[in-house]
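Structural description and commentary
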Amino acid sequence: MSANGAATSRLFSLEGATVLVMGAASGIGASVASACAALGANLVLADSASLQKALGAENRSSVVAQCDVTDRAGVEKLLSDVGPVEAMVVCSGICPFDDSMAEDWDEVFERTASVNVKGTVNCVRAALPAMMARGHGRIVLVGSLAGRTGGLLSGPHYVASKGAVGALVRWFARLGAPRNVLVNGVAPGPVRTPMIAGREVNLASIPMGRIAEPEELAGPIAFLCSPAASYICGAMLDVNGGVYMS
């Protein structure tokens, strides 16, 4: 490899970095774990569900933990137990499909906000201070097309919660930037994950004519964790097949 090629390779390398993936059991989170491992990262994989199948096959050092993001103390204990992480990706989220006029819908709204908004805050609060103290860190939050446009499938609870994630990207980015902790986000449209399994998507509403594969989100997220993204701060990267063009 030429010197220029080696330098370019290092820009996208995560060799030796510890990357914490919240919500790593399936879908986007599992694909992010695989992508980061392929770039050389050591993994910490966390989810409220079982992670027995999530250990990377790339012979990288992986730590697996069960963690509920709505439990602030539990998230803080996880970060304390695993030690310094160079990057954290928050993929945890729920998207109920229900009737917003139903009698019990308020409870569903509160659960959605608790996981998608409070859970995100819990994760960032637990990781950010140590990153700022070290003067380096990367945090990527998974938002949604729904939070930017109202979405194609989702209800008002999910739309509101992902709109909040977009606002949190900017709020935490301003806090972390002076200490070289870069907070960014991605806004996917429909992705082929268990979250939307069995749901019909109007492909005519997507300029590319198809939904995304999880790996197509993992690449941009891994990029935002890498040295190549060293001057990107407070951005929400739209990865939705052209549905939303900012």
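In what follows, the accompanying structure is described. Keep in mind that what you see is a predicted model, and the values were worked out from it rather than measured.

A word on the overall build of the chain. Helix and strand content of the chain: seven helices and seven strands. For the chain, the α and β elements follow one another from N to C terminus as α-β-α-β-β-α-β-α-β-α-α-β-α-β. Principal-axis analysis of the C-alpha atoms gives the chain an extent of 60 × 40 × 35 Å. Taking the intrachain contacts of the chain between residues at least 6 apart in sequence as the baseline, contacts between residues at least 24 apart amount to 70%. A total of about 11,600 Å² of accessible surface is found on the chain, and carbon and sulfur atoms cover 54% of it. For the chain, the separation between the mean place of its 18 positive charges and that of its 20 negative charges on side chains is 11 Å.

What follows deals with unusual backbone geometry. One non-glycine residue, Asn180, adopts positive backbone phi at about 60°. Mapped onto the fold, Asn180 is located in the loop between helix 6 (156–176) and strand 6 (181–188). On the basis of relative accessibility, which here comes to 33%, the residue Asn180 falls in the partly exposed class.

Structural remark: α-helix, 3.6 residues per turn; residues separated by three or four positions point the same way. Look at helix 7 (residues 214–225): 17 Å from first C-alpha to last across twelve residues, which is about the 16 Å you get at 1.5 Å a residue. Every buried residue of helix 7 is listed here: Pro214, Leu217, Ala218, Pro220, Ile221, Ala222, Leu224 and Cys225. Looking at the buried positions of helix 7, the neighbouring elements they touch are helix 2 (27–38), strand 4 (87–90), strand 5 (137–142), strand 6 and strand 7 (236–239).

For the rest of this paragraph, the subject is the packing of helix 3 (residues 72–82) against helix 4 (residues 105–134). The contact between helix 3 and helix 4 brings their axes to 9 Å, and the two run at 35°. Crossing of helix 3 over helix 4 shows right-handed handedness. Of helix 4, the residues touching helix 3 (which contributes Arg72, Val75, Glu76 and Leu79) are Asn122, Cys123, Arg125, Ala126 and Ala127. Residue classes in the contact of helix 3 with helix 4 are distributed as five nonpolar, one polar and three charged.

Right, let's talk about the nonpolar core for a bit. In summary, soluble globular proteins display a tendency toward joint burial of nonpolar side chains. By size, the foremost hydrophobic cluster in this structure holds 33 residues, and its most contacted members are Leu20, Met22, Met88, Ile139 and Leu141. Take this core: its biggest share by element is nine residues, from helix 4. Contacts of Leu20, omitting those with residues within four sequence positions, involve Val44, Ala46, Leu78, Leu79, Val85, Ala87, Met88 and Val89.

Summed over the entire model, instances satisfying the criterion amount to five salt bridges. With its nearest N and O atoms 3.0 Å apart, the salt bridge here joins Glu76 to Arg72. Residue Glu76 and its partner Arg72 are located together in helix 3, separated by four residues, close to a single helical turn. Of the residues examined, Glu76 reaches a relative accessible area of 34% and is grouped as partly exposed. With a shortest N-O distance of 2.7 Å, Arg148 and Asp238 are connected by a salt bridge. In this pair, Arg148 is assigned in helix 5 (residues 145–149) and Asp238 in strand 7, connecting sequence segments 90 residues apart.

Turning our eyes to something else, we now look at the packing of aromatic side chains. Scanning the model with the defined rule gives three aromatic pairs in all. Aromatic pair Trp105 and Phe109: ring centres 5.5 Å apart, planes at 50°, arrangement tilted. Taken as a pair, Trp105 and Phe109 lie in helix 4 at a separation of four residues, close to a single helical turn. Judged by relative accessible area, Trp105 falls into the buried class, the value being 11%. Consider the rings of Trp171 and Phe172, whose centres lie 5.1 Å apart with planes at 90°: the pair is edge-to-face.

Cut-offs and rules
- Residues numbered from 1 in each chain as written.
- Predicted model: local features only at pLDDT ≥ 70, side-chain atom pairs only at ≥ 80, totals over all residues.
- Heavy atoms only, no water.
- Helix = DSSP H or I, 4+ residues; strand = E, 2+ residues; numbered from the N terminus.
- Contact = heavy atoms within 4.5 Å.
- Areas by Shrake-Rupley, 256 points an atom, 1.4 Å probe, with all protein chains shown as cover.
- Lys, Arg positive; Asp, Glu negative; His and termini not counted.
- Charge placed at Lys NZ, Arg CZ, Asp CG, Glu CD.
- Buried < 20%, exposed > 50% of the residue type's maximum accessible area, 1.4 Å probe, protein only.
- Expected span 1.5 Å × (residues − 1).
- Axes fitted to C-alpha atoms, helices over the stretch in contact; angles between N-to-C directions.
- Left-handed = near helix turned anticlockwise from the far one by under 90°.
- Nonpolar A, V, L, I, M, F, W, Y, C, P; charged D, E, K, R; others polar.
- Core = buried A, V, L, I, M, F, W, Y, C linked by side-chain atoms within 4.5 Å.
- Salt bridge = Lys/Arg side-chain N within 4 Å of Asp/Glu carboxyl O.
- Phe/Tyr/Trp six-rings, centres within 6.5 Å; stacked < 30°, edge-to-face > 60°.

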